[in-house]
Amino acid sequence: MDKRMGTFGEGGFSKMEDYTVKSVDKACHLLEVVSRYPQGIAITELATQVDMYKSTVHRLLTTLLRRGYIEQDERTGKYKLGYALLDLGMKLLSSIDLRAEAAVPLRELADFSNEIVHLALLERGEIVYIDKVESDNTTRMHSRIGKRVPVHSTSLGKVILAYLPVSEAREILNQNERIQMTDHTIVQEDELLAEIERVKERGYAFDLEENEIGVCCIAAPIFDHANNVVAACSVSGPSSRMTTERLHAMIPVVIASAKRISNRLGHGVLTEEMRTRV
């Protein structure tokens, strides 16, 4: 082994800086600083921020401008990030696999709760399980990957509906038969819409034996890079264990898991201006 490579530890190779291309490193640093100024930053201030000579900054900016990674405001002369970076980011985001990105958070949620965890999405007005993680303590449930369940009677369905435009949620409820799955199922449209509004205010949804007698669930929404709700994750268990007290104790844990998955999907990486350009 080349001695310059050093040893591998938690942070990677201890002498990785020996292989750093300084000009590339400087350009990356420049981009990171410019990213903090959505309205643009003047070259003199930028040179001060990155602690480089103004002439060096100018050469780097000229190169980045030519590649589209930096843009210059013709009126103010200030520099800001270019949309070539967004193009690269979109290519990364489009390559993200939801199940793969959710795998670790789901496993950890199942281990923590010691209950069944589901990952699901909305498809043709129904909820479809796309992943299921069981724990040692899980009770057998009538769920499997690929199974479809009603949107109105599940915590997964209600939490996804809550973050859709009201008109779209109403259309989905009207186009699909709202079967009385149990005595606890909400089937009236006005009651469902009111429940969905409460779900949105809270950021999570419960299923209190509404889809299956003896089973209670809690779900939280998952968002993509464009702030669209694309899926949801839930913890399900027998009502004897998933008591009101335990369901409420699980709220921050389930929300945190959903946020971890959302972050892996790029949620929060785009500014409002960028989303309008996507």
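Scope of this entry: the structure provided in the associated data block.

Cut-off values and rules
- Along every chain, residues carry numbers that run from 1 in the direction the sequence is written.
- The model is predicted, so local features are restricted to residues of pLDDT at least 70 and side-chain atom pairs to those at 80 or more, both for listing and for counting; the totals for chains, interfaces and linings are taken over all residues.
- Excluding hydrogens and water, the side-chain values take into account all heavy atoms of the structure.
- Here, a strand pair is defined by DSSP locating no fewer than two bridges between the strands.
- The helix and strand labels rest on DSSP assignments: H or I over at least four residues marks a helix, E over at least two residues marks a strand, and numbering proceeds from the N terminus.
- Lines are fitted to the C-alpha atoms to define the axes, a helix being fitted only along its stretch in contact, and any angle between axes, read from their N-to-C directions, falls within 0 to 180 degrees.
- As used in this record, nonpolar core signifies buried Ala, Val, Leu, Ile, Met, Phe, Trp, Tyr and Cys residues forming a set joined through side-chain atoms within 4.5 Å.
- Each residue gets one of three labels from its accessible area relative to the maximum for its type: buried under 20%, exposed over 50%, partly exposed in between, using a 1.4 Å probe on protein chains only.
- Throughout, a residue-residue contact means that at least one pair of heavy atoms, one from each residue, lies within 4.5 Å.
- One fewer than the residue count of a helix, multiplied by 1.5 Å, yields its expected span.
- We define the bend at any residue as the angle between the axes fitted to the seven residues before and including it, ending there, and the seven starting there.
- Polar contact criterion, stated in full: a pair of N or O atoms within 3.5 Å, where within protein one must be able to donate a hydrogen and the other to accept it, and residues adjacent in sequence count only if both atoms are side-chain atoms.

## Some remarks on the sheet that holds strand β6 (residues 126-133)
Part 1: Strands sit in the order β7-β6-β5-β10-β9-β8 across an open sheet of 6 strands; the sheet is antiparallel. Each edge of the open sheet carries a strand with a single partner, namely β7 (148-150) and β8 (205-208). For this sheet, the mean inter-axis angle between neighbouring strands, taken without regard to orientation, is 35 degrees.
Part 2: Of the strand pairs in this sheet, strand β5 (residues 116-123) and strand β10 (residues 229-238) are connected by 5 bridges, and their pairing is antiparallel. Its bridge partner being in β10, V117 is matched across the sheet by V235.

## Considerations on the nonpolar core
Part 1: Core analysis: the largest hydrophobic core is formed by 27 residues, its most contacted members being L106, L119, I218, I222, V235 and V254.
Part 2: Of all the secondary structure elements, the ones that give two or more residues to this core are α5 (98-113), β5, β6, β9 (215-223), β10 and α9 (244-264).
Part 3: Here this core takes 6 residues from α9, the largest share from any one element.
Part 4: When residues no more than four places from it in sequence are discounted, the contact partners of L106 are V117, H118, L119, D131, V133, C233 and I261.
Part 5: Within the second largest apolar cluster, 24 residues are counted, among which are L164, A169, I186 and I196.

## Thoughts on α5
Part 1: In a regular helix each residue adds 1.5 Å, so 16 residues correspond to 22 Å; α5 covers 22 Å between its end C-alpha atoms and thus fits that length.
Part 2: Of all the bends in α5, the largest measures some 35 degrees and sits at V104, one to four residues before the proline P105.
Part 3: Along α5, the residues classified as buried are L98, E101, A102, P105, L106, L109, A110 and S113.
Part 4: In this fold, the buried residues of α5 make contact with β5, β6, β10 and α9.
Part 5: Between the side-chain oxygen at the start of α5 and the backbone nitrogen of R99 there is a gap of 3.0 Å, and the oxygen is on D97.

## With respect to unusual backbone geometry
Part 1: The residue D51 is not glycine, and still its phi comes out positive at about 60 degrees.
Part 2: Positionally, D51 belongs in the loop between α2 (43-50) and α3 (54-67).
Part 3: Residue D51 is classed as exposed on the basis of its relative accessible area of 71%.
Part 4: The phi angle at R124 is positive, at roughly 55 degrees, despite the residue not being glycine.
Part 5: If you trace the backbone, R124 turns up in the loop between β5 and β6.

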